[in-house]
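# Notes for the structure review
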Amino acid sequence: MPSGLVTRSLGHATGRIPGLRRIPVVTLISVAELGMMARGHLLRLTPQERRRLLTLIRTARLRRSNLSASQRDELADLVAKLEPRVLAAEAVKRLSPVPVPRRLIEGRRRRARNG
């Protein structure tokens, strides 16, 4: 059961944002939870890394070809540090009534090579 503060905050927000009253409260809470999870992953980067990530994204403008090879490598390293697979798994685990398979979180098992 939401606290009075949450109820008042949602009531205040719905009055100020057009169309928000038509969105079910469960959806709003789910979106807020996802935002908090994403924030937690983003805070894994230092402030300098976050600024650099934004700079690289702006420079790329949705095209890898707009970045040099070293910039692409740097972007890949920063995104890897955010752990997007874990974020996606946490989101699915939080929102889905079905248990999340371990391989979604950990990735495929690697076969040991002999010889």
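Residues numbered from 1 in each chain as written. Predicted model: local features only at pLDDT ≥ 70, side-chain atom pairs only at ≥ 80, totals over all residues. Heavy atoms only, no water.

### Quick look at the overall build of the chain
What the chain contains, in helices and strands, is 6 helices and 0 strands. For the chain, the sequential pattern of α-helices and β-strands runs α-α-α-α-α-α. Per-residue burial over the chain gives 16% buried out of 115 residues. Pairs at least 24 apart in sequence give 42% of the contacts found in the chain among residues at least 6 apart. If you sum the accessible surface of the chain, you get close to 9,700 Å²; carbon and sulfur atoms cover 57% of it. (Helix = DSSP H or I, 4+ residues; strand = E, 2+ residues; numbered from the N terminus. Buried < 20%, exposed > 50% of the residue type's maximum accessible area, 1.4 Å probe, protein only. Contact = heavy atoms within 4.5 Å. Areas by Shrake-Rupley, 256 points an atom, 1.4 Å probe, with all protein chains shown as cover.)

### Side note on the confidence of the model for the chain
Here the chain averages 82 in pLDDT, while 76% of its residues score no lower than 70. No element of the chain has a lower mean pLDDT than helix α1 (residues 4-16), at 63, and none a higher one than helix α3 (residues 47-60), at 96. (pLDDT = per-residue confidence, 0-100.)

### Overview of the nonpolar core
Within the largest apolar cluster, 8 residues are counted, these being L45, L53, L56, A60, L67, L75, L78 and L82. When contributions to this core are tallied by element, the ones reaching two or more residues are α3 and α4 (69-82). When residues no more than four places from it in sequence are discounted, the contact partners of L56 are L67, Q71, E74, L75 and L78. (Core = buried A, V, L, I, M, F, W, Y, C linked by side-chain atoms within 4.5 Å.)

### Digging into the pattern of salt bridges
Applying the stated rule across the entire model yields 4 salt bridges. Where E49 meets K81, a salt bridge forms, and the shortest distance between an N and an O atom there is 2.9 Å. With E49 in helix α3 and K81 in helix α4, this pair connects stretches of sequence that are 32 residues apart. Taking relative accessible area as the criterion, E49 reaches 21% and is therefore assigned partly exposed. Between R52 and E74 there is a salt bridge whose closest N-O contact spans 2.9 Å. Placement of R52 in helix α3 and of E74 in helix α4 is noted, with a sequence separation of 22 residues between them. Residue R52 is classed as partly exposed on the basis of its relative accessible area, which comes to 29%. Of the residues examined, E74 reaches a relative accessible area of 29% and is grouped as partly exposed. (Salt bridge = Lys/Arg side-chain N within 4 Å of Asp/Glu carboxyl O.)

### Let's talk about α4
With 14 residues, α4 should reach 20 Å at 1.5 Å per residue; the first-to-last C-alpha distance of 20 Å fits that figure. For α4, the full list of buried residues reads L75, L78 and L82. Down the axis of α4, the smallest arc covering the buried residues is 65°, so these residues share one side. The exposed set on the far side of α4, more than 90 degrees from its buried face, consists of S70, D73, D77 and A80. (Expected span 1.5 Å × (residues − 1). Arc of directions from axis to C-beta.)

### Digging into the packing of α3 against α4
The geometry of α3 relative to α4 is characterised by a closest axis approach of 10 Å and an angle of 130° between their N-to-C directions. On the basis of their axis angle, the class for α3 and α4 is oblique. When you trace α3 past α4, the crossing you get is left-handed. Contacts between α3 and α4 involve E49, R52, L53, L56 and I57 from the first element and Q71, E74, L75, L78, V79, K81 and L82 from the second. Of the residues belonging to the contact of α3 with α4, the class tally is 7 nonpolar, 1 polar and 4 charged. (Axes fitted to C-alpha atoms, helices over the stretch in contact; angles between N-to-C directions. Parallel < 35°, antiparallel > 145°, perpendicular 65-115°, else oblique. Left-handed = near helix turned anticlockwise from the far one by under 90°. Nonpolar A, V, L, I, M, F, W, Y, C, P; charged D, E, K, R; others polar.)

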